[in-house]
Amino acid sequence: MKFYLHLMLVITAMPIAIASQANSNLFLTLDKAEDIAVENSPDLRILRSQQKIKGLIVDENWRTYFPSASVSWFRNSNIIENETDNRSQRLSLNLDQVVYDGGRRRLALSAALNDLDLSKYDLLIAINGLKYKARNAYYNILSLMASIDILKNSINRQSEQLKFSRKELSLGETTEIQSIQIENRLNEIELQNKQTMIGLNTALEEFKVLLRLPSSYKINLVDKILSSSDYVFKDISEKDLVNIAFKSRIEFDRTKAAAMQTAAEYEIAKSYYEPTLSIGGYYASTGDRYPPREREYGFNFKMNMFLGPNSIQDSSNYISRKEDTNRSLTSSTTVGIYDNLQYKRNIAQTGIAAEQAKISRTQLDDIIRIEVKKAYENYKLSWDSMVLADQNAEVFEKRLNIKKRQVELGEARRIDLAETEIFYLEAQNAKINARVRFLISISDLELAVGASLDSLRLVNKKKGKDLNE
């Protein structure tokens with residue numbers, strides 16, 4: 001009965017699964033694509049997990065400031081032939097508190113807190129980097145889609161001209177070589193279209209990998225790079241951009257946290273010789289049966305320290321039993337010989353890391369200035385290039401229309417129109433590439449000044465426009 005019930009559930013669920021797979025068309029805007037990339041990224045999940053782990057490490061370092069406590073229950077049974085059995089039990093509460101460690105606990109907590117801050121900054125940087133990759137891939141796909149649309153229109157125009165040329169050839173109004181030249185131009189455009197389609201298919205599949213989408217999904221981008229948005233140029237002062245970057249770039253906080261963390265670790269390594277002093281105590285009940293009734297208590301003092309490669313442990317204990325009628329005082333000292341050879345390596349490693357972090361912090365100002373200047377110059381040049389590319393594309397479109405009219409009037413050859421078509425395609429591709437470069441330059445500028453993507457509002461979505469058209 002259970003088997004048939006399970007079979008019915010599987011059969012019932014099959015149409016739903018098939019329908020879900022059949023309806024795997026995914027329509028993406030830029031914002032949606034970035035959100036999916038962030039949500040599905042395993043690298044970001046790892047960073048978030050590491051952030052939780054480092055938060056737990058901070059809790060562990062806070063714990064070292066409080067006394068450690070333990071409860072122990074000792075049970076012993078000693079049986080000797082021809083003698084009375086000897087049994088004993090001992091239940092005790094033990095406390096231990098570090099009172100001095102040369103500041104190592106404070107430094108360790110500081111290093112852990114700074115490491116936690118580093119993980120937060122690393123996560124933000126990784127999110128921005130992933131969004132940037134998704135954005136560039138999105139723009140690349142839009143440019144390939146626009147190129148294919150233009151190429152298809154050119155193929156239709158050239159196919160029509162080839163048809164007319166062959167008819168003229170049959171009537172003896174043109175030469176065979178001219179008809180072949182037009183056919184060659186058409187083949188060139190068709191070949192370019194095939195190559196662009198290959199590039200588009202490759203880009204779409206790589207986009208799935210970037211967004212961690214199932215291979216069965218069919219991606220559809222709803223934007224059009226030539227018609228979905230208006231582009232704006234703002235003449236912003238480079239000095240103002242640098243000031244914004246100094247206030248907004250999280251790299252400043254990150255390098256500061258890294259410098260503080262490595263400095264704390266270096267101080268810990270250098271203070272190896274500082275002793276660790278702790279005091280403790282216990283309260284216990286002993287006896288030959290449970291619950292044990294005889295009370296005892298004690299206090300202890302411990303010292304641990306390193307002398308170069310050697311270690312020293314010293315402890316002193318005071319114990320009171322039988323209502324303070326039985327008292328004992330014990331002490332012991334242990335010297336470990338050459339059991340701490342790693343102390344020099346720790347000092348060298350942490351010292352180098354601290355110096356590198358310090359250098360990175362001092363050089364960051366110039367690095368940020370250079371990045372802002374480079375991004376701003378590329379932004380201005382990309383805008384100028386886009387304006388020129390638009391003007392050039394407009395001129396070639398006029399030339400194409402004029403040449404087409406001249407062919408209709410018999411004032412120009414069809415091969416001249418085919419040549420003009422090639423130049424027109426080059427101008428349109430330059431127009432598309434210029435837009436992509438401008439869009440990427442905007443993202444570069446926003447990242448350089450530490451602003452969130454799209455915060456400069458240099459690309460405005462056209463309102464009331466059907467993006468699927």
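Here is what the cut-offs are and how they apply
Residues numbered from 1 in each chain as written. Predicted model: local features only at pLDDT ≥ 70, side-chain atom pairs only at ≥ 80, totals over all residues. Heavy atoms only, no water. Helix = DSSP H or I, 4+ residues; strand = E, 2+ residues; numbered from the N terminus. Expected span 1.5 Å × (residues − 1). Buried < 20%, exposed > 50% of the residue type's maximum accessible area, 1.4 Å probe, protein only. Contact = heavy atoms within 4.5 Å. Axes fitted to C-alpha atoms, helices over the stretch in contact; angles between N-to-C directions. Parallel < 35°, antiparallel > 145°, perpendicular 65-115°, else oblique. Left-handed = near helix turned anticlockwise from the far one by under 90°. Nonpolar A, V, L, I, M, F, W, Y, C, P; charged D, E, K, R; others polar. pLDDT = per-residue confidence, 0-100. Phe/Tyr/Trp six-rings, centres within 6.5 Å; stacked < 30°, edge-to-face > 60°. Lys NZ or Arg CZ within 6 Å of the ring centre and 35° of its normal. 1 Å grid on protein atoms, 1.4 Å probe; cavity = no way out; pocket = protein on both sides within 12 Å on 5 of 7 lines; lining within 4 Å. Points joined across faces, edges and corners; volume = space filled by probe spheres on them.

Colleague: So what exactly am I meant to see when it comes to helix α7 (residues 250–270) here?
Modeller: The α-helix advances 3.6 residues per turn, and as a result positions three or four apart in sequence lie on the same side. With 21 residues, α7 should cover 30 Å at 1.5 Å per step; its first-to-last C-alpha distance of 30 Å lies within 8% of that length. What α7 keeps buried is the set Ile250, Phe252, Thr255, Ala257, Ala258, Gln261, Thr262, Ala264 and Ala269. Considering only its buried residues, α7 is in contact with α4 (104–170), α6 (238–248) and α8 (342–409).

Colleague: Teacher, can you tell me more about unusual backbone geometry here?
Modeller: One can expect most non-glycine residues to show negative phi and most peptide bonds to be in trans. Of note, Arg212 is a non-glycine position whose phi angle comes to about 60°, a positive value. Its place among the elements puts Arg212 in the loop between α5 (176–211) and β4 (218–221). The class of Arg212 is partly exposed, set by a relative accessible area of 47%. With a phi angle near 50°, Tyr338 is a residue other than glycine that sits in the positive phi range.

Colleague: Hey, could you run me through the packing of α4 against α7 in this one?
Modeller: Packed helix pairs are characterised by how far apart their axes lie and by the angle those axes make with each other. Two numbers describe how α4 lies on α7: the axes approach to 8 Å, and their chain directions differ by 155°. Looking at the two axes, α4 sits roughly antiparallel to α7. Where α4 crosses over α7, the two elements pack in a sense that is left-handed. Counting all contacts with α4, which are made through Arg104, Leu107, Ala108, Ala111, Asn114, Asp115, Asp117, Leu118, Tyr121, Asp122, Leu124 and Ile125, the residues of α7 involved are Ile250, Glu251, Asp253, Arg254, Ala257, Ala258, Met260, Gln261, Ala264, Glu265, Glu267 and Ile268. When the residues that make up the contact of α4 with α7 are grouped by side-chain class, the tally is 13 nonpolar, 2 polar and 9 charged.

Colleague: Which parts of the structure should I look at to understand the confidence of the model for the protein chain?
Modeller: Detailed reading of the predicted model is not advised wherever pLDDT is low. In the predicted model, the protein chain carries a mean pLDDT of 84, and 92% of its residues have values of at least 70. In the predicted structure, residues 464–469 sits below a pLDDT of 50 and forms 10 contacts with residues beyond four places in sequence or in another chain.

Colleague: For this particular structure, what's the right way to read the packing of aromatic side chains?
Modeller: For any pair of aromatic rings, the description consists of the separation of the ring centres together with the inter-plane angle of the planes. Tallied over the full model, the rule gives 13 aromatic pairs. Seen from their ring centres, Phe233 and Tyr379 are 5.0 Å apart, and the 15° between their planes marks the pair as stacked. Residue Phe233 is found in the loop between β5 (229–231) and α6, and its partner Tyr379 is found in helix α8; the two are separated by 146 residues along the sequence. A relative accessible area of 29% means that Phe233 is categorised as partly exposed. The exposure class of Tyr379 is buried, given its relative accessible area of 0%. Aromatic side chains Tyr272 and Tyr343 sit 4.7 Å apart centroid to centroid with 40° between the ring planes, which places their arrangement in the tilted category. Linking Tyr272 in the loop between α7 and β6 (276–287) with Tyr343 in helix α8, this pair joins segments that are 71 residues apart in sequence. Among the aromatic residues, ring-to-ring pairing joins Tyr231, Phe233, Tyr376, Tyr379, Trp383 and Phe438 into one connected group. Of note, Arg75 hangs over the ring of Trp73, and the distance from its end group to the ring centre comes to 4.2 Å.

Colleague: Looking at this model, I keep getting lost on helix α9 (residues 414–448). Mind explaining?
Modeller: The terminal C-alpha atoms of α9 lie 51 Å apart, and with 35 residues this matches the ideal 51 Å at 1.5 Å per residue to within 8%. Among the 35 residues in α9, 25 count as buried, and that is most of the element. Of the residues trailing α9, Gly450 is marked for its positive phi of about 80°.

Colleague: Looking at this model, I keep getting lost on empty space enclosed by the protein. Mind explaining?
Modeller: Unoccupied space between atoms shows up once a probe the size of one water molecule is rolled over them. Taken as a whole and judged by the stated rule, the model has 1 cavity of 30 Å³ or more. What lines the largest cavity is simply Arg157, Gln158, Glu160, Gln161, Leu400, Lys404, Leu417 and Glu421. Those elements that place two or more of their residues in the lining of the largest cavity are α4, α8 and α9. Looking at the lining of the largest cavity, the element that brings in the most residues is α4, giving 4 residues. A class-by-class count of the residues in the lining of the largest cavity yields 2 nonpolar, 2 polar and 4 charged.

Colleague: Any chance you could explain the side chain of Thr286 here in plain terms?
Modeller: Here Thr286 is to be found in strand β6. With a relative accessible area of 14%, Thr286 lands in the buried category. With near-sequence residues (within four places) excluded, Thr286 lies in contact with Gln89, Arg90, Pro292, Arg293, Glu294 and Glu296.

Colleague: Can you help me understand the environment of Ile182 in this one?
Modeller: Following the sequence through the fold, Ile182 ends up in helix α5. Each C-alpha atom of the pair Ile182 and Ile367 lies 54 Å from the other, and the pair is 185 residues apart in sequence. Other than its neighbours up to four places away in sequence, Ile182 contacts Gln158, Gln161, Leu162, Ser165, Arg414 and Ile415.

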